[in-house]
Amino acid sequence: MAKASLKNTLREKELAHGLEAVVVPDQWAESGSIIYVEGSGIRIRDIDGKEYLDGSSSGLCNVVGYGNKEVAEAASAQMVKLANTVSFGGVSSMPRIELSRKLAEVTPGLRRFIFENSGSDAVECTFKIARWYWRQKGRDKYKIICRDRSYHGATYAAMTATHAGLDNSDFAPFAPGFISIPTPYCYRCSLDESYPSCEIACAQALERTIEREGEDTVAAFIAEPVVGSEGFIPPPPEYWSKVREICSKHDVLMIMDEVVTGFGKTGKFWAHQHWNVIPDLMTSSKGISSGYMPMAAVGVTEEVYKGMTETNKPFPHLHTFTGHPVACTVSLKVIEIMERENLVEKAATLGEHIGDRLDTLKEESPYVGDVRGLGLMRGIELVADKRSKKRFDPNRRVGFRVSRLARERGVLYGSVGDDIMLLCPTPISTMAEIDQILDAVEWSIAQIGGM
Ligand code: PLP
């Protein structure tokens, strides 16, 4: 079938039967979806045959590149050998057991892993473990403290802990027992403080909240080590050690949500390793399978595991596809490739170069108020006026239009909240490809003047 008519037929089918989320319905009805058909390395091609350099790693997942035959062959061999078995209730598979061991090896301090199918599932699981843990210890600690600019997922409790990205207000009522505190965001501090004279007021807010709510009611604190969907915001240097100290002092479990930040993107295997802290629980997804299979994991310390099993009651938590053998095989292969190709170190080196170029962009562009991030995860905050930090009128949809311009020029990078640009290429990119992506980023931002 000719390309144009294949596209038209697909569009007709999609508009008749698709149920698309996170789009304005009439705009979607008008334009349909962008349809990608194949990828290789860091390049992806759409149904019209146009090729793009992917500067956002396919939804922040891709670590080993598109079209990786080693991953595909490992998955295929496992499918033929044993496509699936349940993975709970004392039934397991070889890939699942091997993956738990491997994750323990690459994750200082966390010893045991349970598997999930998405980042949201993993987040839900951490809440269940936290409440379960304290109740096995005979303590009715159930409240979860989260942060006001975080994204943790789309399921009910994960969404309740989420305060960024989407307007979820029509889904109320939300899960009970969640309290939010300010997020470290020095460029626009919601506490009207400035670093370092603030003495990390955003971390102190955690302690004040625990004291106000009552230590005996608070089970856990959840946060992303680097705030993802608000533009890759790392906290002040002392933030995480202060939070670790507060959580330990008040018997509150510290949950690191590494769904986005794990698997080398920040220049360390896990982002929290930048601050030498060890969480009590941690989530992982996205990079864990490089996007080749739906996959997620939750890691816990040995101490948390001991608490969970103290009463010898079975932890009542399962999904049919938990610990799927093919997904576990894919994850093992991804980690093997990352180690062999030194992808974490590569992310750090490429990331330094990106950081340098973005610093120059910030100095030179009248539209760039802030640049931030770690390793390959970089955020660019666009402003209408640099001195006053005035935002663009949201009706102008500046961020969206900038990313569309870059797309037309053959480079993919994302935008959130109308004025924050997200850049996260994969560590398999060459320096020349990174420069090509950055050229398009600079060019697309320069076009704001004519919008
Ligand atoms: N946690 C964080 C930090 C995320 O960024 C996301 C998704 O982007 C999630 C959880 C939810 O993951 P998923 O979309 O796989 O459910």
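Scroll up a little and you will see the structure.
Residues numbered from 1 in each chain as written. Predicted model: local features only at pLDDT ≥ 70, side-chain atom pairs only at ≥ 80, totals over all residues. Heavy atoms only, no water.

1. Points about helix 11 (residues 325–340)
Compared with the 22 Å implied by 1.5 Å per residue over 16 residues, the 22 Å span of helix 11 between its first and last C-alpha is a close match. Within helix 11, twelve of the 16 residues are buried, which leaves the element mostly enclosed by the surrounding structure. Among the residues making up helix 11, those that are buried are Pro325, Val326, Ala327, Cys328, Thr329, Val330, Ser331, Lys333, Val334, Ile335, Ile337 and Met338. Here the buried face of helix 11 lies against helix 4 (69–82), helix 5 (94–106), strand 4 (112–116) and helix 12 (343–364). The positive-phi residue at the C-terminal boundary of helix 11 is Asn342, with phi of around 50°. (Helix = DSSP H or I, 4+ residues; strand = E, 2+ residues; numbered from the N terminus. Expected span 1.5 Å × (residues − 1). Buried < 20%, exposed > 50% of the residue type's maximum accessible area, 1.4 Å probe, protein only. Contact = heavy atoms within 4.5 Å.)

2. Regarding the site of the ligand
What surrounds the ligand is the set Ser118, Gly119, Ser120, Tyr151, His152, Gly153, Glu224, Asp257, Val259, Val260 and Lys286. At a separation of 2.9 Å, an oxygen atom of the ligand approaches a polar backbone atom of Gly119. The protein chains hide 80% of the 390 Å² of surface that the ligand would expose on its own. Classifying every residue of the shell around the ligand gives three nonpolar, five polar and three charged. (Near = heavy atom within 4 Å. Polar contact = N/O pair within 3.5 Å; in protein donor to acceptor, adjacent residues only side chain to side chain. Areas by Shrake-Rupley, 256 points an atom, 1.4 Å probe, with all protein chains shown as cover. Nonpolar A, V, L, I, M, F, W, Y, C, P; charged D, E, K, R; others polar.)

3. Description of the pairing of strand 15 (residues 420–423)
Across the two faces of strand 15 the burial is the same, with Ile420 and Leu422 and Met421 and Leu423 all buried. Where strand 12 (residues 377–382) and strand 15 come together, four bridges link them in antiparallel fashion. Paired with Ile380 across the two strands is Met421, which belongs to strand 15. Here strand 14 (residues 414–416) runs beside strand 15; their pairing, made up of three bridges, is antiparallel. (Pairing = 2+ DSSP bridges.)

4. Looking at the environment of Ala432
Counting through the fold element by element, Ala432 comes out in helix 14 (residues 431–446). The class of Ala432 is exposed, set by a relative accessible area of 52%. Residues Ala432 and Arg131 lie 301 residues apart in sequence; the distance between their C-alpha atoms is 49 Å.

5. Notes on the side chain of Thr301
In this structure, Thr301 sits in the loop between strand 10 (296–300) and helix 10 (302–308). Leave out the neighbours within four places in its chain, and Thr301 touches Gly109, Leu110, Arg111, Pro279 and Asp280.

6. Description of the pairing of strand 2 (residues 43–46)
Because side chains alternate across strand 2, one face comprises the buried residues Ile44 and Asp46, and the other comprises Arg43 and Arg45, none of which is buried. Taking the residues between adjacent antiparallel strands as the criterion, strand 1 (residues 36–40) and strand 2 are bridged by two residues, where Gly41 takes a positive phi near 60°. Relative to strand 3 (residues 51–54), strand 2 runs antiparallel, the two sharing three bridges. Bridging across to strand 3, Ile44 finds its partner in Tyr52. Between the antiparallel neighbours strand 2 and strand 3 lie four residues, among them Gly49 with a positive phi of about 90°.

7. Observations concerning the sheet that holds strand 2
Spatially, 1-2-3-13 is the arrangement adopted by the four strands of the open sheet, whose pairing is mixed. Strand pairing shows two members of the sheet lacking a second neighbour, strand 1 and strand 13 (411–412), which therefore form its edges. Sheet topology places strand 3 next to strand 13; two bridges connect them, and they run parallel. Following the sheet pairing, Asp54 is matched in strand 13 by Leu412. Docked against the sheet, helix 14 engages strand 2, strand 3 and strand 13, running at close to 100° with respect to strand 3. (Axes fitted to C-alpha atoms, helices over the stretch in contact; angles between N-to-C directions.)

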